[in-house]
Amino acid sequence: KLADPQSAIKPLERLVAEYTNSPFLAGAQAQLGVAYLHLGKVVEAQAALVQAVAAEKPDPDAPPSGVKRLLLACGKKNPFLPELKVTAAGNRAAVQLRLGDLYFTLRDYAKARKAYEKAQHLAPETEEAAYALMQEGRCYRQLEEYQKAVSCCRKFWKGNYKKSQWADDALLRLAVIYIS
């Protein structure tokens, strides 16, 4: 594990400042508080945690997990992913995303990572590729390959994914990698 809370602060502060409508705002503020606590900055931690509590809202449209996610991965339409353009490559990318989600749900992170990587190559620089990149980073984190997980999160800022609907999620995940 990286255990570098100082490195977590910058992406968390960026998420809080730039993505004020993000559903991850409360979580980012809470993680920011945790990072400050790790650094012994109690006043800053308290302020961040107070903001986290204030920002927390129950989200009835939160992405499914567990069995619902498994069912989606098995072929039901995933409402959290935009539709791919109907092309041969787009259809193959959609299959790889579903396969990756299925393997991820089954906790076979090595196979999931490969499927997400294939999806990125089949539909580059799309929202689907951004999702696949984020999920690839999650796989690396589960496989305890933290530097590779960080690399996936950072690709959001080097590639064309800065404005992706997954950008705020990637920033939060980057910070969590550093904190844990």
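For the structure, check the block above.
The sections below set out a description of the structure shown in this document. (Residues numbered from 1 in each chain as written. Predicted model: local features only at pLDDT ≥ 70, side-chain atom pairs only at ≥ 80, totals over all residues. Heavy atoms only, no water.)

Some thoughts on the side chain of Glu-128
In this structure, Glu-128 sits in helix H7 (residues 127–142). Exposure remark for Glu-128: the relative accessible area of 7% places this residue in the buried category. Within the structure, Glu-128 has its side chain in polar contact with the side chain of Thr-126 (distance 3.1 Å). (Helix = DSSP H or I, 4+ residues; strand = E, 2+ residues; numbered from the N terminus. Buried < 20%, exposed > 50% of the residue type's maximum accessible area, 1.4 Å probe, protein only. Polar contact = N/O pair within 3.5 Å; in protein donor to acceptor, adjacent residues only side chain to side chain.)

Comments concerning H7
With 16 residues, H7 extends 23 Å from end C-alpha to end C-alpha; this agrees with the ideal 22 Å at 1.5 Å per step. Among the 16 residues of H7, 12 are classified as buried, and the element is accordingly described as predominantly covered. Within H7 the residues assigned to the buried category are Glu-128, Ala-129, Ala-130, Tyr-131, Ala-132, Leu-133, Met-134, Gln-135, Glu-136, Gly-137, Cys-139 and Tyr-140. Glu-144 lies just past H7 and shows a positive phi near 60°. (Expected span 1.5 Å × (residues − 1).)

Structural notes on unusual backbone geometry
Positive phi is not limited to glycine here, since Glu-125 has a value of about 55°. Within the secondary structure, Glu-125 sits in the loop between helix H6 (109–122) and H7. Here Glu-125 falls in the exposed class, since its relative accessible area comes to 57%. In this model, Glu-144 sits at a positive phi of 60°, which is unusual for a non-glycine residue. Mapped onto the elements of the fold, Glu-144 is located in the loop between H7 and helix H8 (146–158). The class for Glu-144 is exposed, based on a relative accessible area of 56%.

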